[in-house]
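Commentary on secondary and tertiary structure
Read off the chains here:
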Amino acid sequence: MKPLVTFGWYIPTNGEGVYPGDPMTEPPSLDFFMRVITAAERAGMEFALVPVTPVCWEAWISCAFMAAKTTKIKLLVAARPGLISPTVMAKMVATFDQLSGGRVYVNLIAGGSEAELAADGVHLPHDERYELMDEVVTVMKRCWTEEGPVTFKGKHVDVENAWFRPKPVQQPHPPFYIGGISPAAIEVGAKHAAVYLFWGNTPEQIAKDVAAVREAAARYGREHEIRFGMRLQVLVRETEEQARHDAEALIAGTTEQQRARRLGAMGGESHADGRMRQFAESTGDSNYWISRHLYAGLTTVRHGAGVMMVGNPEQVAGLIQEYVDIGCTEFCLSGYPHDAEAENFGRLVMPRFA
């Protein structure tokens, strides 16, 4: 039985600096990946998210190597529909599931911009990428759950008489994690997600987002099946004063050039990334503090989920509980440096959710 609250960690397969935006002090390598995922596994994390972006190492290969060197933690592999045929991706996931003993989850990514996807040969606008995702997931589910040959003809996917082996270990199939706040993302997530993952925001806003996705899921009879989660940064210290100081220090040395690169990194198509930018712009004179324990400073130097929970163990646990109270039970976290912050979180916060 899954615990009531589940935690996962992020593996930065593009490497990292001492601070976000710094020159790289930890270049990508298997040794570095293993140091981070081992810290996460020792901390008691259930899964590790392995990303897919142009600057990251290839997710499937990275996950395979890490799975071979770990024993318990699941690999949440980020996957972009359209780069691999649906039947081949289904076979990859099922093979991974069999060889790892049921330790693969799939995080479906529509992609940040048309330019980013075009570089990999996918030429679809935002909403059509979610149409493609819907068709790909439908085919994958059928491959995993049906015994006979699978035939499917859609707008983007055309499969004829696909015989499929092996079947996955996890039943009925490995879970899909899907995120996003656009109407297209919500529709596909409501239909297919085991876990709908929101990027960091205030509990008040997340409560509204949960209600919107749950309403959409009800149209598919899934309002009681779908779980909700948060993708957040975290920084926990023994004292609140030290935590706030260390959070602000993460961006203290960044330059205008680094911030300009961040603003242009994703284009203007990702609704969720746009919300991250709005956070940074809306904090005014508060030095990027959204609230006492939510910090948006990282959104100025990195794209993606940049909102950070900050505080002492009791305060961070209290904020997590606020998200739990509105329906979020899965937390995919990261912090700087990734191995040390995983250890901090496991030692200082996770015992409160045992």
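Owing to the predicted nature of the structure, the values given are computational and were not obtained by experimental measurement. (Residues numbered from 1 in each chain as written. Predicted model: local features only at pLDDT ≥ 70, side-chain atom pairs only at ≥ 80, totals over all residues. Heavy atoms only, no water.)

Every regular strand shows the same layout, with side chains that alternate between the two sheet faces. A large share of strand 9 (residues 227-236) lies buried, amounting to nine of its ten residues. Bridge count between strand 8 (residues 195-199) and strand 9: five bridges; the pairing is parallel. Bridge pairing in strand 9 links tryptophan 199 to arginine 231. Once the chain exits strand 8 it traverses helix 7 (residues 203-218) before rejoining the sheet at strand 9, and the crossover so formed is right-handed. (Buried < 20%, exposed > 50% of the residue type's maximum accessible area, 1.4 Å probe, protein only. Helix = DSSP H or I, 4+ residues; strand = E, 2+ residues; numbered from the N terminus. Pairing = 2+ DSSP bridges. Right-handed = clockwise from strand over helix to strand, strands pointing away.)

Attention now moves to the pattern of salt bridges. Taken as a whole and judged by the stated rule, the model has 18 salt bridges. Arginine 237 serves as the salt-bridge partner of aspartate 246, at 2.8 Å between the closest nitrogen and oxygen. There is no split in this pair, since aspartate 246 and arginine 237 are both buried. Ionic contacts of the salt-bridge type, sharing partners, join the residues Glu26, Arg35 and Asp339 into one network. (Salt bridge = Lys/Arg side-chain N within 4 Å of Asp/Glu carboxyl O.)

On to the environment of threonine 254. With respect to the secondary-structure elements, threonine 254 resides in the loop between helix 8 (240-249) and helix 9 (256-265). When the C-alpha atoms of threonine 254 and proline 20 are compared, they prove to be 8.1 Å apart, with 234 residues separating the residues in sequence.

For helix 3 (residues 86-100), with 15 residues, the first-to-last C-alpha span of 21 Å sits near the 21 Å given by 1.5 Å per residue. Its buried side turned inward, helix 3 meets helix 2 (59-68), strand 3 (74-79), strand 4 (104-108) and helix 5 (126-145). Once helix 3 ends, the next one or two residues include glycine 101, with phi positive near 75°. (Expected span 1.5 Å × (residues − 1). Contact = heavy atoms within 4.5 Å.)

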